[in-house]
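# A look at the structure
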Amino acid sequence: MTAAEMPVWFSLLVQFVLAMIATMSFGIAFQVPRRHHLACGLVGAVGWIVYVLCNTCLGLTAPVSTLLAVLPLTALSRLFAITHRAPVTLFLLCGIFPLVPGAGIYYTAYYFIRNDQRLCTNKGVETIKIAVAIALGIAVVCSIPLPRSISRQQYRGPREPDSPQK
């Protein structure tokens, strides 16, 4: 069965699983604690599936699809940071791995070396747009304040009683 013959749902399922494995592998390479591997993989897979749905099904451009994919990815990273009592960056850095425009950077350098200024400029501008979309998506979601009860009790842990004064 070729990729063209696969049903859409099966293709999305395969991409979800592969994105999860790739993200978990990235976490392993960067020595993320073992108890966080599944959560990191889920964050990356959700971001990738949202990107694919926006890009292929809705026909949006890569920067817009990336921006829309980073929003739930960052929200999920914050949720896992609270439930796992771990830094947000642990899940966020692993989760954005599938969306980082590594191929765009490569092709920008490739066209630069080949002295093809038109393609170099086009690919470079698109790559910068994707990088800015990632940064904007993270900034937008992280600027939403957490409820006071969550931010104190669950994120930092319960407040310890004051120690007696001597």
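Structure first, text after, so check above.
Residues numbered from 1 in each chain as written. Predicted model: local features only at pLDDT ≥ 70, side-chain atom pairs only at ≥ 80, totals over all residues. Heavy atoms only, no water.

## Quick notes on the overall build of the protein
Formally: Labels follow the DSSP assignment, with helices taken as runs of H or I lasting at least four residues and strands as runs of E lasting at least two, numbered in each case from the N terminus. Burial classification: accessible surface area is computed with a 1.4 Å probe over protein chains only, and a residue below 20% of its type maximum counts as buried, one above 50% as exposed, and the rest as partly exposed. Between two residues, a contact is recorded if the distance between any of their heavy atoms is within 4.5 Å. Residue exposure ignores everything except the shown protein chains as possible cover, and the areas themselves are Shrake-Rupley values with a 1.4 Å probe.
For the protein, the helix and strand inventory stands at seven helices and zero strands. In the protein, the succession of helices and strands from N to C terminus is α-α-α-α-α-α-α. Expressed as a percentage of the 166 residues in the protein, the buried residues total 34%. A fraction of 67% describes how many contacts in the protein between residues 6 or more apart in sequence connect residues 24 or more apart. With the model as given, the accessible surface of the protein reaches about 10700 Å², and the carbon-plus-sulfur share is 67%.

## Let's talk about the packing of aromatic side chains
This is how it is decided: Whether two aromatic rings pair depends on their centres lying within 6.5 Å, for rings of Phe, Tyr and Trp, where Trp uses its six-membered ring; planes under 30 degrees apart make the pair stacked, over 60 edge-to-face, and the rest tilted.
Inspection of every chain in the model, using the stated rule, returns nine aromatic pairs. Ring centres of Phe80 and Phe91 lie 6.0 Å apart, and the angle between their planes is 45°; this geometry places the pair in the tilted category. One end of the pair, Phe80, is in helix 3 (residues 62–84); the other, Phe91, is in helix 4 (residues 88–95), and 11 residues separate them in sequence. We note that Phe80, like Phe91, is buried. Here a set of aromatic residues connected by ring pairs shows up, and it is made of Tyr106, Tyr107, Tyr110 and Tyr111.

## Some thoughts on the packing of helix 5 (residues 102–113) against helix 6 (residues 117–142)
Axes are the key here: two packed helices are described by the angle between their axes and the distance separating the axes. Here is the rule: Interaxial angles span 0 to 180 degrees and are taken between N-to-C directions of axes, which are lines fitted to C-alpha atoms, for helices over the stretch in contact. Each angle gets one of four labels, with under 35 degrees taken as roughly parallel, over 145 as roughly antiparallel, 65 to 115 as roughly perpendicular, and the rest as oblique. In this scheme the crossing of two helices becomes right-handed for a clockwise turn of the near helix relative to the far one and left-handed for an anticlockwise turn of less than a right angle. The nonpolar class holds Ala, Val, Leu, Ile, Met, Phe, Trp, Tyr, Cys and Pro. Asp, Glu, Lys and Arg form the charged class, and all remaining residues, Gly among them, are polar.
Running from N to C, helix 5 and helix 6 point in directions that differ by 160°, and their axes come no closer than 8 Å. Between helix 5 and helix 6, the crossing angle belongs to the class labelled roughly antiparallel. With respect to the hand of their crossing, helix 5 and helix 6 are arranged in left-handed fashion. Contacts from Gly104, Ile105, Tyr107, Thr108, Tyr111 and Phe112 in helix 5 reach Leu119, Cys120, Lys123, Gly124 and Thr127 in helix 6. Class assignment of the residues belonging to the contact of helix 5 with helix 6 gives a composition of six nonpolar, four polar and one charged.

## A few points about helix 1 (residues 8–29)
The condition is simple: To estimate the expected span of a helix, subtract one from its residue number and multiply by 1.5 Å. To obtain the arc, one takes the directions from the helix axis to the C-beta atoms.
The end-to-end C-alpha distance of helix 1 is 31 Å, a good match for the 32 Å that 22 residues give at a rise of 1.5 Å each. For helix 1, the full list of buried residues reads Leu12, Ala19, Met20, Thr23 and Gly27. Looking straight down helix 1, one finds that the buried residues subtend no more than 105° of arc, so they occupy a single side. Of the residues in helix 1, the exposed ones pointing more than 90 degrees away from the buried face are Leu18 and Ala29.

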